[in-house]
Amino acid sequence: MNEDLTWEVRYEATGRESRQKALAKACFYWKKDGQLMRSAEFTQSELEVECERLCEAGGDATQFVRALQHLALSAEQAERDDVALSAADQRRRA
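Quantities reported herein were computed from a predicted structural model and do not represent experimental measurements.

Cut-offs used in this document
- Residues numbered from 1 in each chain as written.
- Predicted model: local features only at pLDDT ≥ 70, side-chain atom pairs only at ≥ 80, totals over all residues.
- Heavy atoms only, no water.
- Helix = DSSP H or I, 4+ residues; strand = E, 2+ residues; numbered from the N terminus.
- Buried < 20%, exposed > 50% of the residue type's maximum accessible area, 1.4 Å probe, protein only.
- Phe/Tyr/Trp six-rings, centres within 6.5 Å; stacked < 30°, edge-to-face > 60°.
- Lys NZ or Arg CZ within 6 Å of the ring centre and 35° of its normal.

> Explain unusual backbone geometry to me, please; I cannot follow it from the model alone.
The phi angle of most residues is negative, glycine excepted, and most peptide bonds adopt the trans form. In this structure, aspartate 33 is a non-glycine residue whose phi angle is positive, near 50°. Summarising the element assignment, aspartate 33 is placed in the loop between β2 (23-32) and β3 (35-42). Under the relative-accessibility criterion, aspartate 33 is labelled exposed at 51%.

Take a look at the structure:
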């Protein structure tokens, strides 16, 4: 039996929101012998809690920590994009 854990980051926008305003989530997929056995989605704060739980339980949190780093970088980039868009919008109004 071969078990595999993969993950990706998805952006969930409600309505007409842009990607910068979309909520980023880390989506994890556990597969065994090529079949999806389980999946889970975490926001950044939920993933922080899950990483702590795994570490306390002695589990391997490597992939979870990588996903958490990716979510943190995504949040920082979205914040920088919002600042840049606000500045450009203010210049247009002036």
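> So what exactly am I meant to see when it comes to the packing of aromatic side chains here?
Here a ring pair, both rings aromatic, is described through the centre-centre distance and the interplanar angle of the planes. Under the counting rule described, the total for this entry stands at six aromatic pairs. Considering the side-chain rings of phenylalanine 42 and phenylalanine 64, the 6.3 Å spacing of their centres and the 75° angle between planes classify their relative orientation as edge-to-face. Taken together, the residues span a long stretch of sequence, with phenylalanine 42 in strand β3 and phenylalanine 64 in helix α2 (residues 62-93) at a distance of 22 residues. Since its relative accessible area comes to 10%, phenylalanine 42 is described here as buried. Chaining the aromatic ring pairs together yields one cluster made of Trp7, Phe28, Trp30, Phe42 and Phe64. Of note, arginine 38 hangs over the ring of tryptophan 30, and the distance from its end group to the ring centre comes to 4.0 Å.

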